[in-house]
Amino acid sequence: MTRYVVVATHSVSQPELEAQAASSVIQFLDADLQEIGHPMVNFGSASLAAAARDITQKHPTARWVWSDTTRWYRRILEADAATRPARPIAIQRAHDLRLTRNLLRFAANTVRTSYIDEISADWHEENHGTLTQFLPENDPGASPQETLFEPHKEKNASLEYQIAELRLQFAAIPHSPAGNRLRMLIAAESAGAIAATEMGFFGLPWNETEHKRLLEEALGTETPHGQRPPKLQALAEEITQLLYTPSLNPDSPQDLVRALQRNGIPVNSTSKWELKGKDHPVIEPLLRYKKMYRLYTANGWHWLKTWVRDGRFHPEYVVGGVITGRWASRGGGALQIPRGIREAVLAEPGWKLVVADASQLEPRILAAMSRDEGLSTASRGKDLYESVAEQGFGGDRAHAKVAMLGAMYGATTGESARLMPTLRKLYPTAIAALEKAARSGEQGGVVSTHLGRTTPAPGPRWLSSQQTSTQEEQARAGNIARTRGRYTRNFLVQGSAAEWALMWIAELRRQLATVFVEDDDASRPELVFFLHDEIMVHTPERLADRVHECVLDAAAQATRWMFGDTTVEFPLTVAIVDRYSDAK
DNA sequence: ATTACGAGCGCG
DNA sequence: AAAGCGCGCTCGTAAT
């Protein structure tokens, strides 16, 4: 029997509980959302954590309902860590009201209740490109401009409101196969939020000594902030000499592009790809400078001081932060760690990193979703692109890969566009699915992923851009339409791949918590990193092989949940290493 | 002095 | 050789 644990800041029916800013109230509901327990009252984070420990022991599978997993769960984890408990609290299941609301706001497969109309009404095209989300406001720590379920702001933090919101959300999900998929997505999104909170809280092992060694090797000894390190400075001087411009600031693109032009180098920008291939003695040191400058500014000593403490990098993962359902991150660029500094991601002594990567996830997702026979066959070969190459590109893997990626991104020019006819002949069903998505987007329609995450509908500005009278407007409208078509085309694949990965990490987290339940708390494997189609587990060396098995099991389970008994294979590349840089 | 934005580059 | 999708961060620069 499912039991729900609803968490809020106060109760309308018991106003005396509102007294303290940091208070929280907990209510138990049964599967039919009938109340089965009186509100438990807590004041402050420490007692919330104490309550959470008590509840997770008595009802380990209870589903925690709250406005925002990251905010509530992080408070619990922080307070829990401060009391140095026997075993850290681990919430197993959640229903994140904010994330669910964001899913339901656009989801096509809903019961059209007034609730759905209300929450989807506030979408405007102006928001497009930057996904605005409903933000929590019932957390005392939230900044004042953040608002959750508008309107009726002040009531929204109450226990009663949370329960009402939960009922409305459940009522909006139809009892149909599509509804079931949406339910799975909601559960996975919330489970992902639990994993994300834990990963951010416990952090990624980051060896500061190694990082500093890398920096010194590349840039020279550390200098005060704002002053170029020695090797970078030397190179800057070399460049100013080679361009006969003593006053040149190589960090200023417009300054630099003018200096390059004065020296007869025909460039319109200072970007890497434009500089490459130009024949001038400054090009080589300049490209080296840009690389070093990047390391210095984006991942230098300042970064290290800001984002790494106690040997761990603590990013904040933003679940559903990308419109396709991928995660985003805030702080330190967690999802853009350059290959060059991955040497600093080092397992602790006696521990290993299990780094797993889903190989060519997106074309496999496309094969399974569209049930394309040829592409499904290709997925069962040794290497997907190799198989595609054999099936239709004369064994040329590079061509096969470019063609496949171009099809999923909507390439219109160059090599990949020219290869499209070949691909269409080879995989008519898969390509038809992509083109249907593109056409829908071009015409202003919406597209849904396999589990039902849906693109926002175009806003009034997009729609009016399609109302044309002149030839010129017509051409512009066509471009705008095609841009949206590429977006919806890619949404289908990227979004469904994100769902597979979400299930993968959710299931892996569950397995790690149950398989190693007997192990000593200080030596249990921990999820430490997630990057779209890649997962990292930090584990005692003796458990690494069992972790490896869990990673494979979890991927197989993700595939079953998504696609049932599909014949498409989803192989992983797994490496058990000391350093992240040693994986692949 | 503060804010907004594009350039450029890192990741999948 | 670079383009076709999705992001975040830092910088310089322009606007306020």
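The rules behind these values
Here the residue index of a chain counts from 1 through its sequence in written order. Chains carry letters from A onward and ligands carry numbers from 1 onward, assigned in written order. Two thresholds apply to this predicted model, a pLDDT of at least 70 for residue-level local features and 80 or more for giving and counting side-chain atom pairs, whereas whole-chain, interface and lining totals are computed over all residues. Excluded from the side-chain calculation are hydrogens and water; included are all heavy atoms of the structure. Residue proximity to a molecule or strand is established when one non-hydrogen atom of the residue lies within 4 Å of it. Here a polar contact is recorded for every N or O atom pair within 3.5 Å, except that within protein the pair must consist of a potential hydrogen donor and a potential acceptor, and residues adjacent in sequence are included only if both atoms are side-chain atoms. Strands are runs of DSSP state E lasting at least two residues, helices are runs of H or I lasting at least four, and both sets are numbered from the N terminus onward. Residue ranges labeled as domains rest on an automatic or database domain assignment. Residue contacts are counted whenever heavy atoms from the two residues lie within 4.5 Å of one another. Accessible-area loss on putting two parts together, using a 1.4 Å probe and summing over both, is the definition of buried area adopted here. Salt-bridge detection follows one rule: a side-chain nitrogen of Lys or Arg within 4 Å of a carboxyl oxygen of Asp or Glu. For this scheme, ten residues count as nonpolar: Ala, Val, Leu, Ile, Met, Phe, Trp, Tyr, Cys and Pro. Four count as charged, namely Asp, Glu, Lys and Arg, and the remainder, Gly too, count as polar. One bridge is not enough; two strands pair if DSSP finds at least two bridges between them. Comment: axis = line fitted to C-alpha atoms, over the contacting stretch for helices; angle = value between 0 and 180 degrees taken between N-to-C directions. UniProt positions are given in the numbering used here, feature names are shortened, and annotations may be inferred rather than shown by experiment. Here a pair means two rings of Phe, Tyr or Trp (six-membered ring of Trp) with centres within 6.5 Å. Their orientation is stacked below 30 degrees between planes, edge-to-face above 60, and tilted elsewhere. Each residue's exposure class comes from its accessible area (1.4 Å probe, protein chains only) as a fraction of the maximum for that residue type: buried when under 20%, exposed when over 50%, partly exposed otherwise. Of the grid points, spaced at 1 Å and generated over the protein atoms alone, those admitting a 1.4 Å probe that cannot get out make up cavities, while open sets with protein on both sides within 12 Å along at least five of seven lines make up pockets; any residue with an atom within 4 Å of a point is treated as lining. Grid points are joined across faces, edges and corners, and a volume is the space filled by probe spheres set on the points. Nine residue types can take part in a nonpolar core, namely buried Ala, Val, Leu, Ile, Met, Phe, Trp, Tyr and Cys, and a core is a set of them joined through side-chain atoms within 4.5 Å.

1. A word on the protein's contact with DNA strand B
Phase 1 of the analysis: Around DNA strand B there are 18 residues in total, and T270, K272, K290, Q336 and D533 lie nearest to it.
Phase 2 of the analysis: One nitrogen or oxygen atom from the side chain of R326 is found 3.1 Å from a base nitrogen belonging to DNA strand B.
Phase 3 of the analysis: A distance of 2.6 Å separates a sugar or linking oxygen of DNA strand B from a polar atom in the side chain of D533.
Phase 4 of the analysis: If you tally residues by element for the surface near DNA strand B, the top one is helix α11 (residues 283-299), at three residues.

2. Quick notes on the domain arrangement of chain A
Phase 1 of the analysis: When its domains are assigned, chain A resolves into domain 1 (4-202), domain 2 (209-304), domain 3 (314-361 + 499-582) and domain 4 (363-495).
Phase 2 of the analysis: Domain 1 puts 13 residues into the contact, and the matching count from domain 4 is 14 residues.
Phase 3 of the analysis: For the pair domain 1 and domain 4, the summed buried area comes to about 1200 Å², and 58% of that belongs to carbon and sulfur atoms.
Phase 4 of the analysis: If you look at where domain 1 meets domain 4, you find one salt bridge.
Phase 5 of the analysis: The partner of R453 in a salt bridge is E189, with the nearest N and O atoms 2.8 Å apart.
Phase 6 of the analysis: Across the domain 1-domain 4 interface, the total number found is three residue pairs in polar contact (both at pLDDT 80 or more).
Phase 7 of the analysis: Counting residues per element, the ones that place at least two in the side of domain 1 that touches domain 4 are α3 (97-106) and α6 (177-202).
Phase 8 of the analysis: Among the elements that take part in the side of domain 1 that touches domain 4, α6 stands out by supplying five residues, more than any other.
Phase 9 of the analysis: Looking at the side of domain 1 that touches domain 4, its residues break down into eight nonpolar, one polar and four charged.

3. Description of the sheet that holds strand β13 (residues 534-540)
Phase 1 of the analysis: Overall, antiparallel pairing links the four strands, which are arranged β12-β13-β11-β14 in an open sheet. Both edges of this open sheet fall to β12 (526-530) and β14 (572-577), since each of them pairs with a single strand only. The mean angle between the axes of side-by-side strands here comes to 20°, regardless of whether they run parallel or antiparallel.
Phase 2 of the analysis: In this structure, strand β11 (residues 351-358) lies alongside β14, joined through six bridges in antiparallel fashion. Opposite V354, over in β14, you have I576 as the bridge partner.

4. Some points on the UniProt feature "domain: DNA-directed DNA polymerase family A palm" (unreviewed entry) in chain A
Phase 1 of the analysis: Mapped onto the present numbering, the UniProt feature "domain: DNA-directed DNA polymerase family A palm" (unreviewed entry) falls on residues 338-543.
Phase 2 of the analysis: Split by type, residues 338-543 is 57% helix and 10% strand. Its first and last C-alpha atoms lie 28 Å apart.

5. Notes on the packing of aromatic side chains
Phase 1 of the analysis: Under the definition given, this model contains 16 aromatic pairs.
Phase 2 of the analysis: Measuring from ring centre to ring centre gives 6.5 Å for Y296 and W301, while their planes differ by 70°; the resulting arrangement is edge-to-face. For the pair Y296 and W301, one class covers both residues: buried.
Phase 3 of the analysis: Ring geometry for W500 versus F570: centroids 5.6 Å apart, planes at 20°, classification stacked. With W500 in helix α20 (residues 471-515) and F570 in the loop between α21 (544-563) and β14, this residue pair connects regions lying 70 residues apart in the sequence.
Phase 4 of the analysis: Owing to a relative accessible area of 11%, F570 belongs among the buried residues under this scheme.
Phase 5 of the analysis: Members of the aromatic cluster, joined through ring pairs, are W500, W504, F563 and F570.

6. Quick notes on empty space enclosed by the protein
Phase 1 of the analysis: Under the defined criterion, the tally for this structure stands at two cavities of 30 Å³ or more.
Phase 2 of the analysis: Considering only enclosed or pocket space, the second largest cavity measures out at about 90 Å³ in volume.
Phase 3 of the analysis: Y317, G325, R326, W327, L335, A498, A501, L502, F530, L531 and H532 together form the lining of the second largest cavity.
Phase 4 of the analysis: Broken down by element, the lining of the second largest cavity gets its largest block of residues, three residues, from α20.

7. Quick notes on the pattern of salt bridges
Phase 1 of the analysis: Counted under the stated rule, the structure contains 23 salt bridges.
Phase 2 of the analysis: Two residues, R579 and E210, come together in a salt bridge whose shortest N-O distance is 2.7 Å. Highlighted residues: R579 in the segment after β14 and E210 in helix α7 (residues 208-219), separated in sequence by 369 residues.
Phase 3 of the analysis: On the accessibility criterion, E210 (13% relative accessible area) is buried.
Phase 4 of the analysis: A cluster of three or more residues bridged by salt bridges with shared partners is formed by E210, R213, E217, E343 and R579.

8. Let's talk about the protein's contact with DNA strand C
Phase 1 of the analysis: The immediate surroundings of DNA strand C are formed by 27 residues, with S252, Y293, G331, E415 and R486 found nearest.
Phase 2 of the analysis: For DNA strand C, the fraction of atoms within 4 Å of the protein that belong to sugar or phosphate moieties is 74%.
Phase 3 of the analysis: Within the contact set of DNA strand C, a sugar or linking oxygen lies 3.2 Å away from a side-chain nitrogen or oxygen of Y293.
Phase 4 of the analysis: Residue R486 places a side-chain N or O atom 2.8 Å away from a sugar or linking oxygen belonging to DNA strand C.
Phase 5 of the analysis: Only α11, β10 (328-330), α17 (414-426) and α20 provide two or more residues apiece to the surface near DNA strand C.
Phase 6 of the analysis: The element best represented in the surface near DNA strand C is α20, accounting for four residues.
Phase 7 of the analysis: A breakdown of the residues in the surface near DNA strand C according to their chemical character gives eight nonpolar, 13 polar and six charged.

9. Quick look at unusual backbone geometry
Phase 1 of the analysis: One non-glycine residue with positive phi stands out, namely L33, at about 65°.
Phase 2 of the analysis: For L33, the position within the fold is in the loop between β2 (23-29) and β3 (35-43).
Phase 3 of the analysis: If you check the backbone angles, Q360 has positive phi at about 40° while not being a glycine.
Phase 4 of the analysis: With respect to the element layout, Q360 can be found in the loop between β11 and α13 (361-370).
Phase 5 of the analysis: According to the relative accessible area criterion, Q360 is buried, its value standing at 19%.

10. Digging into the nonpolar core
Phase 1 of the analysis: Judged by nonpolar contacts, the single largest core of 129 residues is most densely connected at W206, W500 and W504.
Phase 2 of the analysis: With 13 residues, the top contributor of residues to this core is α20.
Phase 3 of the analysis: Among residues more than four places away in sequence, those in contact with W206 are H211, W303, L304, V308, G311, R312, F313, I337, I341, A344 and V345.
Phase 4 of the analysis: Core analysis: the next-biggest nonpolar cluster, separate from the first, contains 22 residues, V5, L48, A52 and Y73 among them.

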